[in-house]
Amino acid sequence: MAFDQEVRDALIEQVRRFVTEVCVPAEADVAENDEVPQSIVDEMKALGLFGIAVPEEYGGLQLDMETECLVALELGQTSPAFRSVAGTNIGIGSQALVLFGTEEQKQRWLPGVASGDLIASFALTEPEAGSDAAGLKTKAIRDGDHYVLNGTKRFITNANKADIFTVMARTNPDDPGAKGVSAFVVERNTPGLSVGVPEKKMGQQGAHICDVIFEDARVPAANMIGKEGEGFKVAMSVLDKGRLHISAVATGVSKRLIREMVNYALERKQFGKPIMEHQLIQAMIADSQAETYAAECMILDAARRRDAGEDVTLLASSTKLFATEACGRVADRAVQVFGGAGYVTDYGIERFYRDVRIFRLYEGTSQIQQIIIARELARAAKAGKL
Ligand code: COS
């Protein structure tokens, strides 16, 4: 939906206030307890955050991509664990249904996804299929009007809370590549589906990832999303959008860290003056600002082009590569500007340093983004469109 400017500004302002007044004061507790309190989850529901990417007819806000990115740029300005609570409902957990689901599937699941009463997860990665997603081994073998699923999914965000999973599984065991894969909605209460314990992680405490195990789990054939053999394309289309969203979250964190650096540098004195007046500190802050501004421009341009109907595979990968790598550099400089305090937990900077490391890994590593960029350029050149 193309929001009018006033409604859009009001929404962004609401999210900004939620982040500064509710999330930021709770950051240390969330990290300590490895849990986002239910009261904060309820506030996210009341704000409509779970449904920002769900069409209005199913109870969502149906933001266009540009506005979704503006929201993510705000949500990014606190511990990424908060965003993660609604992140899979906004992005990879719901978008296969939004983009490729049947009317019946949408009516059944999307209203719950939009309200946050149903948590949606995306189950693509496996123990032996990470970057090589098309090599996934989980099988879905047709048996009457069901498919029988067997296999293990790994590092699945929000799996411990999920009510539905978008699962990519191999429906054609004779085809070991992308064309043998189909996508399904699998409900949590399906017999044969179990979820492992949350992994201990480097950062983003409060956001959880677990294994999802299928042992003869019978899934109705009517739960297939898209056509048989098109599950890989479904997953890739979902990731094109997800990569823009993650870029905006990462860039939100960069903006927060620039604020932290500047405020600290104005207060902290060394050699008789605030460190903000030392040129080597200025250089670190200036480089962070320039890179973050560039990332923001890339995000908004790619989002507008997606809204205009352009294929943004190349732009989404370019943006994710740049924005998440830039965020890593900004977090590293933030520790450096804070000096010893940057290494001490109470200042919160070392937590961001750990939290942002995953941005360069999930929804496609930086190396996968480089491969996609190179392939897309070669394709365009061969088609005479470069
Ligand atoms: N949108 C739609 N379709 C796409 C697509 C996209 N962005 N990218 C690929 N496809 C299609 C291709 O067009 C191809 O179909 P055709 O054979 O009909 O042309 C099919 O999917 C297979 O694509 P490709 O040959 O490029 O697959 P590969 O296995 O060589 O590589 C990469 C695909 C490496 C790009 C993919 O596996 C990938 O993105 N890996 C990272 C996975 C990831 O992000 N994991 C994170 C998990 S979620 S947190």
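Points about the pattern of salt bridges
Part 1: This structure, assessed with the given rule, holds 24 salt bridges.
Part 2: With a closest N to O distance of 3.3 Å, Lys161 and Glu35 form a salt bridge. Of this pair, Lys161 sits in the loop between strand S3 (146–157) and strand S4 (164–170) while Glu35 sits in the loop between helix H1 (5–33) and helix H2 (38–47); the two residues are 126 residues apart in sequence, bridging distant segments of the chain.
Part 3: Look at Glu35 and you get partly exposed, because its relative accessible area is 37%.
Part 4: A salt bridge links Glu291 to Arg329; its shortest N-O distance comes to 2.6 Å. Taken together, the positions of Glu291 in helix H8 (residues 279–307) and Arg329 in helix H9 (residues 313–338) put the pair 38 residues apart, joining distant regions of the chain.
Part 5: Judged by its relative accessible area of 33%, Arg329 falls in the partly exposed class.
Part 6: Each of the salt bridges in this network shares a partner with another, and the network as a whole consists of Glu27, Arg256, Glu260 and Arg351.

As for empty space enclosed by the protein
Part 1: Summed over the entire model, instances satisfying the criterion amount to one cavity of 30 Å³ or more.
Part 2: Approximately 40 Å³ is the volume attributed to the largest cavity.
Part 3: Lining the largest cavity, in full, are Glu27, Val30, Ala31, Ser79, Gln204, Gln205, Arg351 and Asp355.
Part 4: For the lining of the largest cavity, the elements supplying multiple residues, two or more each, are H1 and helix H10 (349–355).

Topic: the domain arrangement of the protein
Part 1: In terms of domains, the protein is made up of domain 1 (5–115), domain 2 (120–229) and domain 3 (238–382).
Part 2: Inter-centroid distance (C-alpha atoms) of domain 2 to domain 3 is 31 Å.
Part 3: The interface of domain 2 with domain 3 comprises seven residues on the first partner and 10 residues on the second.
Part 4: Across the domain 2 to domain 3 interface the summed buried area is about 640 Å²; carbon plus sulfur atoms make up 61%.
Part 5: Considering only the side of domain 2, the residues that lose the most area to domain 3 are Ser131, Met202 and Gln204, jointly responsible for 67% of the buried surface there.

Some details on the site of the ligand
Part 1: As a matter of local geometry, the ligand sits amid 21 residues, with Ser131, Lys179, Asp240, Arg243 and Arg375 nearest to it.
Part 2: Between an oxygen atom of the ligand and a side-chain N or O atom of Lys179, the distance comes to 2.8 Å.
Part 3: For the ligand, the protein covers 71% of the area, taking 1000 Å² as the surface of the free molecule.
Part 4: The leading source of residues in the shell around the ligand is helix H7 (residues 231–267), at seven residues.
Part 5: Residue composition of the shell around the ligand, grouped by class: nine nonpolar, six polar and six charged.
Part 6: Two domains each put at least three residues into the shell around the ligand: domain 2 (120–229) and domain 3 (238–382).

Let's talk about unusual backbone geometry
Part 1: In this structure, Asp34 takes a positive phi of about 55° despite not being glycine.
Part 2: Along the chain, Asp34 turns up in the loop between H1 and H2.

Examining the pairing of strand S2 (residues 139–143)
Part 1: Bridge count between S2 and S3: five bridges; the pairing is antiparallel. Across the sheet, Ile141 pairs through a bridge with Val148, a residue of S3.
Part 2: Linking two consecutive strands that pair antiparallel, namely S2 and S3, is a turn of two residues; a positive phi of about 65° is found at Gly144 within it.

Digging into the state of the cysteines
Part 1: Taken as a whole and assessed by the stated rule, the structure comprises zero disulfides.
Part 2: Its sulfur unpaired, Cys297 is 13 Å from the next cysteine sulfur, which belongs to Cys69.

Calculation rules
Residues numbered from 1 in each chain as written. Predicted model: local features only at pLDDT ≥ 70, side-chain atom pairs only at ≥ 80, totals over all residues. Heavy atoms only, no water. Salt bridge = Lys/Arg side-chain N within 4 Å of Asp/Glu carboxyl O. Helix = DSSP H or I, 4+ residues; strand = E, 2+ residues; numbered from the N terminus. Buried < 20%, exposed > 50% of the residue type's maximum accessible area, 1.4 Å probe, protein only. 1 Å grid on protein atoms, 1.4 Å probe; cavity = no way out; pocket = protein on both sides within 12 Å on 5 of 7 lines; lining within 4 Å. Points joined across faces, edges and corners; volume = space filled by probe spheres on them. Domains from an automatic or database assignment. Contact = heavy atoms within 4.5 Å. Buried area = accessible area lost by both parts, 1.4 Å probe. Near = heavy atom within 4 Å. Polar contact = N/O pair within 3.5 Å; in protein donor to acceptor, adjacent residues only side chain to side chain. Areas by Shrake-Rupley, 256 points an atom, 1.4 Å probe, with all protein chains shown as cover. Nonpolar A, V, L, I, M, F, W, Y, C, P; charged D, E, K, R; others polar. Pairing = 2+ DSSP bridges. Disulfide = S-S within 2.5 Å.

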